[in-house]
Amino acid sequence: MFEFRHATVHAAAITGLILLFGANVYSGSIDVAAHFVLADFLTKYDVSALANNPSLSSMAYYPRGSHWLAAAIGFITGSTFSAMWLICIAAVYLAYYAMSRLALAAGGYVCLIVFLATALAMRISAAVTGYEIFANFFYSQLVGTTVYFLLLLSLARISEPTSIAATLAVLLAATVLMTIHALPALNLVGTYGLFLALRAALNAIDSRKLQLKQWIKPVAFGACCLVLMALHPSLEAMKKLSSNDGSLNFGLSPLLMFGVALLVAAIALLRLVRARMGARSTVDILLVAALITSAVLVAAQLTLFWLRGDGSLYAIKKHFFFLVPLTLLNTARLISLAAPDIWRPKHEFATPAVFGLAMTFALYGLAQPMSMRAVLKPLNFAQRAVDGAFGEFKPNETVVIASDVDRVTRLMIDLAVFKLTFDDEALRVIDGSFDVAQKSFVMIDNSKKLREKCAQPQAQNADYAIVPTSCLLQLPLNEEISFTQGQGSGLYLRSGWWPPEDWGVWSSGRSGVLQFMLPDTAKGNDLVLTFDLNSFPPRAESTPVVGIVVDGQAFKFEFHGVQSVNVKVPKILTEDGRLVIELINERPTTPKAVGFNEDGRLLGVGLRSMKARRLLN
């Protein structure tokens, strides 16, 4: 009955948090796409196909435990993507619940209040539990961290944490935890091994006698852990992944946080050594062992990085999501030593649950959300299209360019649904620097203008359509093409352009390239192309030389300000039905360099609009 009440409270708390925060997404990191692609793959295909799937890249050998969980919950809820975020919300709550119970068990209400206060204050560091999924998206690590703290709580509550049964349970838990993420598994075995060693050492100090038999269990446990780490494939996978460098920024200096952790660990260890026999609780020893283990892992990986170049600073910083919370717990414990016994209840459940709710609310409530619907709407359309109407679908031949789909969602759809290869090309697609004309189809915003241009889409609904790329690139005759922001002409901009603005678009340096497919009425005919151009600088004394190259044939002009330029394209250049046009400024410069304003972009040619017409013979 007692445990049922606990489960009911947790279920109610998590349900409330999901109702508050479950309709949003809280990270814009590319890691979101990477983790989703793996979880989505597990819902659709056999695991044996992982290694040969080009859409997964390094995620093919990533530990999959948390992704199986997302796949299972997604099967029930109907969305693997939303399942990942529901798991994140539950994980943050349960992690803070476990930490709060550890604080309460260690030093009572004073320890709990100090821990909550310091955890709230340390949000400035962006290194407390929960921040793994905001700026970045360390989904598996967050799930593993939660399991780690729940296991520490379990060890603190059992009567014989050094028994053979407990030791075997820790080894089993570490084996399972390795399937989620190697880092929490390393922290778990390190913490428990050091806990056994500290117990043996403290007993020797108390008895003033070294009893070798007390060291058999720590040594045997350490040997078993070495075998586990050597045989488990997850550790080797994480070694490979640790060489990936990335961006992980904290609000406080990592060196400062590491120094404070070492100081707190030293004081807490000294306090254990000097404490009277019987005054050291299991939770005290566990917390000290956990902090020392985390600090040693940071130091060890940093040493390997300096001496051998193994791993990366990015991978080392991930340890701080363990180091900082454990530093806060030990600090709170030290401060609580002066509290009277009346503030130290033996058993408490409701208060940690409330504190877990408070911390989760504080983290998610201050994050910058994006609507979950904005992700699921294009994702579901793409998946239904591939499953049904998109009869000509082939892997790696379709990309998303719809304007209302953010870059991470685009990458998710490109990889998980359209099976784009996960490489530099995929990243260039979502950043707009890849020539999408190399792909056969695009998913784009649906509109009346699009339906007139592409009469036979592969799939469509009110918001999106999947159409052949060739029909979008078709050059309309006797119709002005505006390159102002929001006009949908960005597909013609092949390379070398800044994002369109409310007047037009600048080339991003010496040249900008346009590409067009010609309609049948234009093929094999002379054309006249009219370009409305801007020069920079706009003053006459700085007249730039502008060149227009059409399929290798060059035309040069000198002008300043705003000017229209006509170029005659002979029919020999239109016979293949394709035009590649390059606009060249031989002397590009920046507005800042000429004292115009503080804009540091290198500007070449400004393109406002263009128009093509057939020249009648």
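The following refers to the structure shown. (Residues numbered from 1 in each chain as written. Predicted model: local features only at pLDDT ≥ 70, side-chain atom pairs only at ≥ 80, totals over all residues. Heavy atoms only, no water.)

## Looking at unusual backbone geometry
So, step 1. We note that Ser57 has phi near 55 degrees; this positive angle belongs to a residue other than glycine.
So, step 2. Structurally, Ser57 can be placed in the loop between helix H2 (30–44) and helix H3 (65–77).
So, step 3. Notably, Asn396 is not glycine yet its phi reads approximately 65 degrees, a positive angle.
So, step 4. Residue classification places Asn396 among the partly exposed residues on the basis of a relative accessible area of 22%. (Helix = DSSP H or I, 4+ residues; strand = E, 2+ residues; numbered from the N terminus. Buried < 20%, exposed > 50% of the residue type's maximum accessible area, 1.4 Å probe, protein only.)

## Observations concerning empty space enclosed by the protein
So, step 1. Overall, the coordinates contain two cavities of 30 Å³ or more when judged by the stated rule.
So, step 2. Counted as a void, the largest cavity has a volume near 50 Å³.
So, step 3. Taken together, Ala268, Arg271, Leu272, Asp284, Leu287, Val288, Asn330, Arg333 and Leu334 form the lining of the largest cavity.
So, step 4. Elements with a minimum of two residues in the lining of the largest cavity: helix H10 (254–274), helix H11 (282–308) and helix H13 (320–335).
So, step 5. Its residues assigned to classes, the lining of the largest cavity comprises five nonpolar, one polar and three charged.
So, step 6. In this structure, the second largest cavity spans a volume of roughly 40 Å³. (1 Å grid on protein atoms, 1.4 Å probe; cavity = no way out; pocket = protein on both sides within 12 Å on 5 of 7 lines; lining within 4 Å. Points joined across faces, edges and corners; volume = space filled by probe spheres on them. Nonpolar A, V, L, I, M, F, W, Y, C, P; charged D, E, K, R; others polar.)

## Re the pairing of strand S10 (residues 511–517)
So, step 1. Most of S10 sits inside the fold, with five of its seven residues counted as buried.
So, step 2. Of the strand pairs in this sheet, strand S8 (residues 493–495) and S10 are connected by two bridges, and their pairing is antiparallel. Counterpart to Leu493 in the pairing with S10 is Leu514.
So, step 3. In this structure, S10 lies alongside strand S15 (residues 578–585), joined through seven bridges in antiparallel fashion. Directly across from Leu514, in S15, lies its bridge partner Ile581. (Pairing = 2+ DSSP bridges.)

## Describing the packing of H2 against helix H4 (residues 80–121)
So, step 1. Viewed as axis vectors pointing N to C, H2 and H4 meet at an angle of 115 degrees, and their least axial separation amounts to 9 Å. Two packed elements cross with a definite hand, and for H2 against H4 that hand is right-handed. Along its contact with H2, which presents Val32, His35, Phe36, Ala39, Asp40 and Thr43, the element H4 presents Thr80, Phe81, Met84 and Trp85.
So, step 2. Of the residues that constitute the contact of H2 with H4, the class distribution is six nonpolar, three polar and one charged. (Axes fitted to C-alpha atoms, helices over the stretch in contact; angles between N-to-C directions. Left-handed = near helix turned anticlockwise from the far one by under 90°. Contact = heavy atoms within 4.5 Å.)

## Regarding the packing of aromatic side chains
So, step 1. The full count for this structure, using the stated rule, is 26 aromatic pairs.
So, step 2. Taking the centre distance of 5.6 Å and the plane angle of 25 degrees together, the rings of Phe21 and Tyr364 count as stacked. A residue pair is termed long-range when its members are at least 10 positions apart, and Phe21 in helix H1 (residues 2–21) and Tyr364 in helix H14 (residues 350–365) qualify at 343 residues. Residue Phe21 shares its accessibility class with Tyr364, and that shared class is buried.
So, step 3. Pairwise contacts between aromatic rings join Phe21, Tyr26, Trp85, Tyr131, Phe134, Phe137, Tyr139, Phe361 and Tyr364 into one cluster.
So, step 4. For Lys318, the ring lying beneath its charged end belongs to Phe138, and the centroid distance is 4.7 Å.
So, step 5. The ring of Trp498 has Arg601 sitting right over it, with the charged end atom 5.5 Å from the ring centre. (Phe/Tyr/Trp six-rings, centres within 6.5 Å; stacked < 30°, edge-to-face > 60°. Lys NZ or Arg CZ within 6 Å of the ring centre and 35° of its normal.)

## With respect to the sheet that holds strand S6 (residues 464–468)
Pairing between the strands of a sheet comes from backbone hydrogen bonds, and it takes one of two forms, parallel or antiparallel.
So, step 1. Taken together, four strands build an open sheet; the order of strands is S3-S4-S6-S5 and the sheet is mixed. Every other strand in the sheet has two partners, leaving strand S3 (398–400) and strand S5 (459–460) as the edge strands with one partner each.
So, step 2. Pairing geometry for S3 and strand S4 (residues 441–445), over three bridges, is parallel. Bridge pairing in S4 places Val399 opposite Val442.
So, step 3. Along the sheet face, helix H16 (residues 407–417) touches S3 and S4 and points at about 165 degrees away from the line of S3.

## Brief notes about the pattern of salt bridges
Opposite charge on two side chains lets them pair, provided their charged atoms get close.
So, step 1. Throughout the structure, instances matching the rule amount to ten salt bridges.
So, step 2. Among the salt bridges present, the one from Arg271 reaches Asp284, with a minimum N-O distance of 3.1 Å. One end of the pair, Arg271, is in helix H10; the other, Asp284, is in helix H11, and 13 residues separate them in sequence.
So, step 3. Here Lys377 and Asp404 are joined by a salt bridge, their closest N and O atoms 3.9 Å apart. Separated by 27 residues along the polypeptide, Lys377 in helix H15 (residues 372–387) and Asp404 in the loop between S3 and H16 bring together distant segments of the chain.
So, step 4. With relative accessibility at 23%, the residue Lys377 sits in the partly exposed group.
So, step 5. Residue Asp404 is classed as partly exposed on the basis of its relative accessible area, which comes to 40%.
So, step 6. Through salt bridges that share partners, Arg271, Asp284 and Arg333 make up one connected network. (Salt bridge = Lys/Arg side-chain N within 4 Å of Asp/Glu carboxyl O.)

## Topic: the nonpolar core
So, step 1. Phe81, Trp85, Leu514 and Phe531 are the most contacted members of the largest nonpolar core, which has 195 residues in total.
So, step 2. Counting residues per element, this core draws most heavily on H4, which supplies 25 residues.
So, step 3. Apart from the residues lying within four places of it in its own chain, the contact partners of Leu514 are Phe483, Tyr492, Leu493, Arg494, Trp497, Phe531, Leu579, Val580, Ile581, Leu607 and Met610. (Core = buried A, V, L, I, M, F, W, Y, C linked by side-chain atoms within 4.5 Å.)

Structural measurements only, silent on function.
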